[in-house]
Every structure is written in structure tokens, then in C-alpha cells.
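The chain contents come next:
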Amino acid sequence: MRKLNLFKSISLSALALLTVVSCEKDMFKEYDSVEPGAPTTVTLAVHSIADSTAKLDYSVSGVGRLHVVVVPGNDETAVPSVQEMVDLNVSGAVFSKGVKITDANLEGTIEISDLEQNTSYKLFAITTNADGVPSEVQTTDAFTTSDSFDPKIDITEDITPAISSDAKQEVGFDVLLSFNEPMVLAETYTIQMGYYDPNTGEINWFDVPKDSIVIAGNVVTIKQPQSASAQFTGMYVFLTIGEGSLTDRAGNPYEGITSGIVGGNLAGIYWRNEWVNQDETAVAPTDEIITDPASLSITLTYPNNLSTTSLGNYDKSSIVVRVYNDETTTDYKVDASLLTITNNTLTIDLPELPNYGDYVTFMMQEGALWDVYGNDLDSINFGNYEWFISYGYTRDLIIGSYTAACVSYFDNNTYNYSVTIEEDPNDENGVIIKGLFDSQEPIVATFNGDLATLTVEEGQSFGDLVGDGSNVILENGSSSTDPIVGNIASDGTIILNGWGGEIVGGNYDGYFYDYYTTSTWTKAKGGVKFSNPKHAPFKLNLK
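Residues numbered from 1 in each chain as written. Predicted model: local features only at pLDDT ≥ 70, side-chain atom pairs only at ≥ 80, totals over all residues. Heavy atoms only, no water.

Description of the overall build of the protein
(1) Moving on: Helix and strand counts for the protein come out as two helices and 41 strands.
(2) Moving on: Residues classed as buried in the protein amount to 40% of the 543 residues present.
(3) Moving on: In the form shown here, the protein has an accessible surface area of approximately 28,700 Å², with 48% of it arising from carbon and sulfur atoms. (Helix = DSSP H or I, 4+ residues; strand = E, 2+ residues; numbered from the N terminus. Buried < 20%, exposed > 50% of the residue type's maximum accessible area, 1.4 Å probe, protein only. Areas by Shrake-Rupley, 256 points an atom, 1.4 Å probe, with all protein chains shown as cover.)

Concerning unusual backbone geometry
(1) Moving on: The omega torsion of the bond from T160 to P161 falls at -5°, within 30 degrees of zero and hence cis.
(2) Moving on: Mapped onto the elements, P161 comes out in the loop between β9 (159-160) and β10 (167-169).
(3) Moving on: Between A284 and the following residue, P285, the backbone shows a cis peptide bond with an omega angle of 0°.
(4) Moving on: Looking at where P285 falls in the secondary structure, it is placed in the loop between β22 (282-284) and β23 (289-290).
(5) Moving on: Although it is not a glycine, D114 sits at a positive phi angle of roughly 65°.
(6) Moving on: Checked against the element boundaries, D114 lands in the loop between β5 (107-112) and β6 (120-129).
(7) Moving on: Non-glycine residue D438 carries a positive phi angle of around 60°.
(8) Moving on: Looking at the element boundaries, D438 is found in the loop between β33 (430-434) and β34 (443-448).

Examining the sheet that holds strand β16 (residues 219-222)
(1) Moving on: One open sheet holds the four strands; their spatial order is β9-β11-β16-β15, and the pairing between them is antiparallel. Each edge of the open sheet is held by one strand with a lone partner, namely β9 and β15 (213-216).
(2) Moving on: Pairing analysis gives four bridges linking β15 to β16, with the strands arranged antiparallel. What sits directly across from V214, in β16, is T221. (Pairing = 2+ DSSP bridges.)

As for the sheet that holds strand β2 (residues 54-60)
(1) Moving on: Sheet architecture is open: three strands sit in the order β1-β2-β5, paired in antiparallel fashion. Strands at the two margins of the open sheet, each flanked by one partner only, are β1 (42-47) and β5. Between one strand axis and the next, the sheet turns through 20° on average, direction left out of account.
(2) Moving on: Bridge count for β2 against β5 is six bridges, and the pairing is antiparallel. Across the sheet, residue Y58 finds its bridge partner in β5, namely G108. (Axes fitted to C-alpha atoms, helices over the stretch in contact; angles between N-to-C directions.)

Quick word on the pairing of β33
(1) Moving on: With respect to burial, β33 is a largely interior element, four of its five residues being buried.
(2) Moving on: A loop of six residues connects strand β32 (residues 414-423) with β33, the two strands running antiparallel in sequence.
(3) Moving on: Of the strand pairs in this sheet, β33 and β34 are connected by four bridges, and their pairing is antiparallel. The residue bridging V431 from the neighbouring strand is A445, located in β34.

Some details on the side chain of S259
(1) Moving on: The topology assignment puts S259 in the loop between β18 (246-248) and β19 (260-262).
(2) Moving on: A distance of 2.8 Å separates the side chain of S259 from the backbone nitrogen of I269, its partner in a polar contact.
(3) Moving on: Other than its neighbours up to four places away in sequence, S259 contacts W205, F238, L239, T240, A267, G268 and I269. (Polar contact = N/O pair within 3.5 Å; in protein donor to acceptor, adjacent residues only side chain to side chain. Contact = heavy atoms within 4.5 Å.)

Some words on the packing of aromatic side chains
(1) Moving on: The final tally for this structure, using the stated rule, is 26 aromatic pairs.
(2) Moving on: Ring plane angle 45° and centroid distance 6.5 Å describe the contact between F410 and F512, whose orientation is recorded as tilted. One end of the pair, F410, is in the loop between β31 (400-408) and β32; the other, F512, is in strand β41 (residues 512-523), and 102 residues separate them in sequence.
(3) Moving on: Using a relative accessible area of 2% as the deciding quantity, one classes F512 as buried.
(4) Moving on: In this structure an aromatic cluster arises from ring pairing among Y415, Y417, F437, F462, W499, Y513 and Y516. (Phe/Tyr/Trp six-rings, centres within 6.5 Å; stacked < 30°, edge-to-face > 60°.)

What to know about the pattern of salt bridges
Where charged atoms from two side chains of opposite charge come close, those side chains can pair.
(1) Moving on: In this structure the tally under the stated criterion is five salt bridges.
(2) Moving on: The shortest N-O distance in the salt bridge between R322 and D331 comes to 2.6 Å.
(3) Moving on: Across the pair E423 and R395 runs a salt bridge whose closest N-O atoms are separated by 3.4 Å. Of this pair, E423 sits in strand β32 while R395 sits in the loop between β30 (386-389) and β31, and the two are 28 residues apart along the sequence. (Salt bridge = Lys/Arg side-chain N within 4 Å of Asp/Glu carboxyl O.)

Digging into the environment of I215
(1) Moving on: Take I215: it is sitting in strand β15.
(2) Moving on: With relative accessibility at 28%, the residue I215 sits in the partly exposed group.

Side note on the pairing of strand β28 (residues 345-349)
(1) Moving on: Burial analysis of β28 places four of its five residues in the buried class, the great majority of the element.
(2) Moving on: Relative to β28, strand β24 (residues 297-301) runs antiparallel, the two being bridged by five bridges. Opposite S297, over in β28, you have D349 as the bridge partner.
(3) Moving on: Inspection of the sheet shows strand β27 (residues 339-342) paired to β28 by four bridges, in the antiparallel sense.

Quick notes on the side chain of T221
(1) Moving on: As for its placement among the helices and strands, T221 is situated in strand β16.
(2) Moving on: In contact with T221, not counting residues within four places along its chain, are D174, V175, L176, S212, I213 and V214.

Focus: the nonpolar core
(1) Moving on: Ranked by size, the top nonpolar core spans 33 residues in total, and within it I398, I433, W499 and W521 carry the most contacts.
(2) Moving on: Per-element tally for this core: the top contributor is β32, with four residues.
(3) Moving on: What I433 contacts, discounting residues up to four positions off in sequence, is V419, T420, I421, E441, P442, I443, A445, L454, V456 and W521.
(4) Moving on: Residues L339, I341, I348 and F362 belong to the second largest nonpolar core, which totals 26 residues. (Core = buried A, V, L, I, M, F, W, Y, C linked by side-chain atoms within 4.5 Å.)

Some details on the environment of L377
(1) Moving on: Locating L377 in the fold gives a position in the loop between β29 (359-364) and β30.
(2) Moving on: Here L377 is in contact with Q278, Y302, L306, M364, Q365, E366, G367, L369, W370 and D371, once residues within four sequence places are set aside.

Re the confidence of the model for the protein
(1) Moving on: Predicted confidence across the protein gives a mean pLDDT of 90, with 90% of residues reaching 70 or more.
(2) Moving on: Across residues 1-31, where pLDDT falls below 50, the model places zero contacts with residues more than four positions away in sequence or in other chains. (pLDDT = per-residue confidence, 0-100.)

This is the structure:
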């Protein structure tokens, strides 16, 4: 037994030694090279072409891999390189797929997806055998997807400018509609732009002419119709497209959209033109001189009708009437009760009646009121418009002959004098008066046609009316310094009260020749002469 075990052990050692020697000898043995297998072949067939899908049937001659690429194109499309196909890295590819080919799937079908409808495509394929040897690039005839889907547009995302009720669009803006596929204008179509008129509460619709619709691929540009050129800032604008007015290239119709105001809400496709401050187009009174202050009210006319609702939000400090003259300036805030809106006209009644000789102007803050489209009325500053309250008389009104009926303070008798009033050649507002106290000495006075006054400075001489070498001087009975001011009526009648003649020097120094509490000068139609009885001077110091 022991011998046998030893043999086995030796035998095993010897065997190991033989094996090592044998392996060392094999290290330097040359092997015969093995040729890689021939490329596999493939047959291809595209079928079941739909809007966005197609099917590819294939048959490969042996195991390995199949690489398929689909690109938009036609039969003239350039063939990709072998390496691009093996790497599935073909520029512009919309579909790429690699399939491991075994004995179990030498034949099969590949679903091609994510295609665009009504688009031409070119398919390329290549196989590699089990050793990775590629075949030549194979292809099929170009195929075109069908088009059975109606064109779509997302009105919240695919319209420029975006739908909005904000007043921010420039008047006459163009509309761009971006559909999901190329579009065509139907032979018969209904595309309209609508403009909301707040005066009537109606939308005025205008057909968009064919030459105002431009289609480039999937973008439809609509220019607003010329007949809508009178649209206003702040106006709501709508777009309605009739069903089937636009189609895709396969004739599938866009369902259309109806826009407008439904239940007081904006519906469909709509925008609003930007607001622009409105300037007044006319202001009355147009005359800068007002002869009847009681009739003065200011009217402003605007392009559009004004919003009566804006009166409810009116702040009376935003319209102020200013009345001023050489001595005073007074500002009056205009209450809403003094404002009247009639269509496109605003009437401002004056808070206080101005006097003759006053100037009237006003100011209005921007946005104090607005028109029916929401446009603010623009600001108006003091002095932009101004009126002067004047009688408007001219000097020739009082030039001529007068009968001056003068009532004496002393004896209450009426003394009538034939008076003439002539122009003063040295003063455009001056006149020369003759005939008072029957004196022909000239008395100069100042005519004011705005205030309808005749102002006579005291201290002027009537000459020696007593005959004792004295001088009769014109006096204001109530003031030794103020002039005598008379009022002129529209027919030229003059009322001159509180004047007289004081005797200076002679026997009656300090006496009054006479003093008249009232005197009414009436224009005479002819040269009437009056002969007044001489009366004794009156001794009374009225001052």
C-alpha cells in the first residue's frame, strides 16, 4: 500500500513537471489567424404611415445589431456616414434606434414615433454582425406622413401681442397667430376685427381684406383693416375667426374662435389700445373779452365723449378758477355741481361772478376727468386760456353833443347844460369836455371802455364865472384828492355825481359856484342851447 501511494505522488509530480515543460514550449507556438464574418444584410419596408407615426419591417441575415435613423428629407437627402449611423449621431435626426439582433428576432417591426404630420422623411439603416463588422448604409424611399388632425393654436401662448385687457397696445397693431403647423387661407373665409364703442355698448365689426392677411408657414399675420382707422386710444379690440377660414395644407380646418363681450366679460381674443391723454379740441368763449360776466361759463370740447362716471371720482381741488385784477387774486375750487358733461363737452360754471376789470383763467390737473375710453383729460395751466371782463366800449361812444341835467345840492333845481365831448388828440383814451357851467374852458377826462368809466381830475379851471376876477375850480365834493368818476351806459349816457365848482379868489373866495349831487348826460340829437339863470354863489364848505 505504501508503495502504491508513493507512486501516485511521484506520478503526480512528474505529471506537473511535464505540464510545465509543455506550456513553456506552447508559449512560442504560432496560431493560425481567424477571418471575421461577412457583414449581415437587411431588407427594409416602411408602412402604416400615419400623422406622427410609421412602422418599419426589417429582416436581418444574421445576428448582431441594427441601427435605424429617420431625418426630415426626401430622396435627394445626403446619406449619413457609416460611423454616424453606428454611433446613432446623425444631424437633424428625429428618430434613432439601435436593436440587438439574435436568432429570435432576425425579423421584426420597429414603431417610429414623434413625427410631424404632412412632412416628408427619409429612413436610413445599417447592420453590424457579431464581430461588429458594419454593412453599407441602407435606405428606403422617402415617405410623407399623413395629416388628419385639425390645426391648433393656444390662444394664451401663441398669439402676439398676448391677449390682455390692459391698455397697452399701440393703435393699429398687427396680430401674429402661431399655429402648430403650416396654414392656408381658405378661398371663402370670415376674419373680422371688432372695436367696442362705449357710447352704444356695441362692437363694430370690420372684415379683414385678403391683402391684410399674410401667411408664412405656421404664422398668420393679420393687419387691422383700413376701415377701422378711426379707432381710438383706450378702445377694446377683438378678433373673430370663422370656422374653416384657415386650414392646414391638407385642408383640415381650424375650428375658429368667436370673440366679444359675454355676460359683461371679455371673451375670445381681445386687447386694449393704450391710453393717451386727451387735449381739448375747442374752448369757449372764443372771444377774450367778455362783456356780460353773468353769462361766462367755460366749455371744453374733446375728441371723444366724456365719462360721466368720472364725475363720481372728481376731486374739486383738481379744477380751480382764478379771478384777478391789478390789486387782488382769488382762487376758487370748482365743485362737481358746477361741472356738466354733455357728450364730448365739459362745461365749467364759475363759482363767483367776476367784476368788470377782472381777468378770469383756470387750471385743470391731468386725470381730473376722463373720456369714455378711459383716456385722461390732459392738464391745463393757469394762463393757457384767459378772459377779461370788459364793457368793450370804444371812445367814439361818448364823442358828440350832450344835454347835461345837473341837480343842485343847494336849491334842488336842475340846471341843463349843452356839453360837447371831443377826442383829445394827445391821448388815445382822453377826451375834452366843454359847456359845463356854460363854460367853454376845456376840461380833460379819461375814457375807460373796459370799465365804462369817465374819470375827471379835480382842480381844473372853468375860468372866471362870477366876473370878479376869481377862478372856478372843479372839485370832488367828497374828496380833495380823488378824481371824479362817472359811469357810461351802452347808449353813451353818462352819470357823473358829486362834483361842483369852488370859487377861488375874488369876492366869494371859498364859496361854491354850485355843487351837483347827480348829473345825467344824455346824448343830444341836435345842438340844443340852454340858458340857465345866474345864481348867487353858495357859501358852504362841503369838505
